[in-house]
Amino acid sequence: MSNTIGAPRLTRVVAALLVMGGATVAPAQETGKAPKKPKAAADSLKDAGPPKQKKPKAPPMFASEQPLELTLTTNIKQIKKDKTGEAPWRAATISYAGDGGRTVTVPVRVKTRGVWRLKHCEYPPIRIKVADKAGKGTLLADLDEPKLVTYCRNLDTYEQYVLQEAQLYRINRLVTDVSHRVRLVRLSYADSASGKVEVTRYSFLIEDPAQVARRANGVILDQKGATADDLEPEISALAFTFQYFIGNTDFSYSGLHNGEVIALADGHNLPVSYDFDFAGAIDATYAGVDPSMQVKRVRDRQFRGYCVHEAAYPNAFAQFIAKKDAIYALYRDEIGRLIAPGTVKRTLSYYDDFYKDIATPKDVQRNLFSTCVK
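Residues numbered from 1 in each chain as written. Predicted model: local features only at pLDDT ≥ 70, side-chain atom pairs only at ≥ 80, totals over all residues. Heavy atoms only, no water.

## Quick word on the overall build of the protein
Reasoning step 1: Within the protein, the regular secondary structure consists of 13 helices and ten strands.
Reasoning step 2: The proportion of buried residues among the 374 residues of the protein is 51%.
Reasoning step 3: A sequence separation of at least 24 residues applies to 68% of the contacts in the protein between residues at least 6 apart.
Reasoning step 4: For the protein, the exposed surface amounts to about 17900 Å²; the carbon and sulfur share of it is 52%. (Helix = DSSP H or I, 4+ residues; strand = E, 2+ residues; numbered from the N terminus. Buried < 20%, exposed > 50% of the residue type's maximum accessible area, 1.4 Å probe, protein only. Contact = heavy atoms within 4.5 Å. Areas by Shrake-Rupley, 256 points an atom, 1.4 Å probe, with all protein chains shown as cover.)

As structure tokens, this is what we get:
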């Protein structure tokens, strides 16, 4: 995973970055010149420099955080049957009220995704594909392939889980730009066969990973195995601190499980977090803890950051302290008020415990770095 080892993988990264910059590589036999001695893959990556890419897309869907009403129409019966990771793309439309109340309908394709929720949800999570031509001039423009977190089960409790998870994405955005943007939607799930709306529940859209990478001037890596040496310490510290803050142990940047890694042309790699429904801050009834963890309850925190990055953590803690008021304010705004008052109180108390855990260097050593990964 390191940008200093694994020549074949690095060559693919270099190629991807060059493609992003619009560069082309001509085979030696087509140039009419003697081929130059090739550079090592690691040197090639460094020489590439920041990719000369087009300006990152700015999807209008994520220009606002105000909840939006949408209707998703597809063959619901078929979607509920698509319980494998190899399910095909299905025809669908997304509709919303445009200017003057005019209904805007955009043809899209959808497919089921996920692991646990794919198997256990009544309505599984899906990924949406929006063609450039279809989305042009609409709120779905430039979305590419965002994820949709669905209601899972048609129960108020599960809808509250959706709202709580959306808040965690918003918190992550407050503390680091290397994160996914989200948009909460009040979504009506309509069946294309009957034309009827089966249920209307809060859901949320998650920004396509490729767009997160483009904003960072990098590309998403698809190979597992990142180690501490592969990750940029400052961003790594923010990522692991965030996971500790929300009480989440269900992730692995190395294993690309609920985590992504962005490769930059200068050799740095940035971890990106997603999928927080097993976090202690939510405390979903279905959530559990991997037996390999030291903690046994979802609400119990376990720090999983790298010991070697310890010097980067004071800055990460300072960021969370600086953003504390803004984080708590999220639970008083338009979206926060959708969450049950008792849940809000319990959540903020849970965050209070985090700030106690990092109050002094001695607290940090006892509560966090006693379990850091060596």
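From this point, the discussion proceeds with the structure in view.
## Considerations on helix α12 (residues 341-357)
Reasoning step 1: Helix length check: α12 (17 residues) gives 25 Å between terminal C-alpha atoms against 24 Å at 1.5 Å per residue, within 8%.
Reasoning step 2: Listed in full, the buried residues belonging to α12 are Val-344, Thr-347, Leu-348, Tyr-350, Tyr-351, Phe-354, Tyr-355 and Asp-357. Down the axis of α12, the buried set is contained in an arc of 160°. They therefore lie on one face. Residues Pro-341, Lys-345 and Lys-356 are exposed on α12 and point more than 90 degrees away from its buried face.
Reasoning step 3: Looking at the packing, one finds that the buried side of α12 touches α7 (156-175), α9 (233-246), α10 (313-322), α11 (324-329) and α13 (361-367). (Expected span 1.5 Å × (residues − 1). Arc of directions from axis to C-beta.)

## Details of the sheet that holds strand β1 (residues 68-74)
In any sheet, the strands associate via hydrogen bonds between backbone groups, in a parallel or an antiparallel arrangement.
Reasoning step 1: Pairing within the closed barrel is mixed, and its seven strands lie in the order β1-β2-β3-β4-β5-β7-β6. Each neighbouring strand pair of the sheet contributes to a mean axis angle of 40°, computed without reference to strand direction.
Reasoning step 2: Alignment of strand β4 (residues 126-129) against strand β5 (residues 147-149), held across two bridges, turns out to be antiparallel. In the strand pairing of β5, Arg-127 is matched with Lys-147.
Reasoning step 3: Across the face of the sheet, α7 comes into contact with β5, β6 (182-191) and β7 (197-206) while running at roughly 20° to β7. (Pairing = 2+ DSSP bridges. Axes fitted to C-alpha atoms, helices over the stretch in contact; angles between N-to-C directions.)

## Quick look at the sheet that holds strand β8 (residues 218-220)
Reasoning step 1: On the basis of which strands lie adjacent, the open sheet formed by three strands has the order β8-β9-β10 and antiparallel pairing. Looking at strand neighbours, the two that pair on one side only are β8 and β10 (269-273), the edges of this open sheet. Across the sheet, the mean angle separating the axes of adjacent strands is 30° when strand polarity is ignored.
Reasoning step 2: The pairing of strand β9 (residues 259-264) with β10 spans five bridges and is antiparallel. The residue of β10 that forms the bridge with Ala-263 is Asn-269.

## Observations regarding the pairing of β1
Reasoning step 1: The side-chain alternation of β1 yields one buried face, formed by Leu-68, Leu-70, Leu-72 and Thr-74, and one unburied face, formed by Glu-69, Thr-71 and Thr-73.
Reasoning step 2: Bridge count for β1 against β6 is seven bridges, and the pairing is parallel. Following the sheet pairing, Thr-74 is matched in β6 by Asp-191.
Reasoning step 3: The sheet contact formed by β1 and strand β2 (residues 90-97) spans four bridges and is antiparallel. Note on β2: the bridge partner recorded for Thr-74 is Ala-92.

## A look at the packing of aromatic side chains
Reasoning step 1: Enumeration according to the criterion identifies 31 aromatic pairs in this entry.
Reasoning step 2: Pairing Tyr-151 with Tyr-189 gives two aromatic rings, centres 4.9 Å apart and planes at 80°, and the pair type is edge-to-face. In this pair, Tyr-151 is assigned in the loop between β5 and α7 and Tyr-189 in strand β6, connecting sequence segments 38 residues apart.
Reasoning step 3: For Tyr-151, a relative accessible area of 2% corresponds to the buried category.
Reasoning step 4: A residue is classified by how much of its surface remains accessible, and Tyr-189, at 1% relative accessible area, is buried.
Reasoning step 5: Put simply, the rings of Tyr-244, Phe-245, Phe-303, Tyr-313, Phe-317, Phe-320, Tyr-328, Tyr-331, Tyr-351, Phe-354, Tyr-355 and Phe-369 touch in pairs and so form one group of aromatic residues.
Reasoning step 6: Above the ring of Tyr-202, the side-chain terminus of Arg-186 is found at 4.6 Å from the ring centroid. (Phe/Tyr/Trp six-rings, centres within 6.5 Å; stacked < 30°, edge-to-face > 60°. Lys NZ or Arg CZ within 6 Å of the ring centre and 35° of its normal.)

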